[in-house]
Amino acid sequence: MFLTEREHNVLYYLAQGYKNNEIGVELNISVHTVKAHLETIYDKLGATNRVQAVIKALQLKCIDMTELVK
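Keep in mind that this is a model prediction, so the values were computed, not measured.

Caption draft 1: Inspection of helix 3 (residues 31-45) at higher detail. Given a rise of 1.5 Å per residue, 15 residues ought to cover 21 Å, and the 21 Å separating the end C-alpha atoms of helix 3 matches this to within 8%. Those residues of helix 3 that fall on the buried side of the exposure criterion are V34, H37, L38, I41, Y42 and L45. The arc that holds the buried residues of helix 3, viewed along the axis, is 140°, so those residues lie on one side. Along helix 3, the residues that are exposed and aim more than 90 degrees away from the buried face are H32, E39 and D43. Downstream of helix 3 by a residue or two, G46 has a phi angle that is positive, lying close to 70°.

Written out as structure tokens, the structure reads:
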């Protein structure tokens, strides 16, 4: 897929329902950096919000539901 490893990591936590600050804590990055990654993810996936990004990522097989099961 055309997402970077970091964008994939952000998307993974996004799909699990994490908030921006929680994603930042998990990945040890600032909330500003999380937002920047999300904007890039939305652009690459043609999404306008979090839900659309996750749905499109699942459709394009950027993420797998088995990855989301803990």
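Caption draft 2: The pattern of salt bridges, seen in detail. Tallied over the full model, the rule gives one salt bridge. Two residues, K44 and E7, come together in a salt bridge whose shortest N-O distance is 2.8 Å. One end of the pair, K44, is in helix 3; the other, E7, is in helix 1 (residues 5-15), and 37 residues separate them in sequence. For K44, a relative accessible area of 31% puts it in the partly exposed group.

Rules used in this analysis
Residues numbered from 1 in each chain as written. Predicted model: local features only at pLDDT ≥ 70, side-chain atom pairs only at ≥ 80, totals over all residues. Heavy atoms only, no water. Helix = DSSP H or I, 4+ residues; strand = E, 2+ residues; numbered from the N terminus. Expected span 1.5 Å × (residues − 1). Buried < 20%, exposed > 50% of the residue type's maximum accessible area, 1.4 Å probe, protein only. Arc of directions from axis to C-beta. Salt bridge = Lys/Arg side-chain N within 4 Å of Asp/Glu carboxyl O.

Geometric descriptors of this kind do not, in isolation, establish any biological role.
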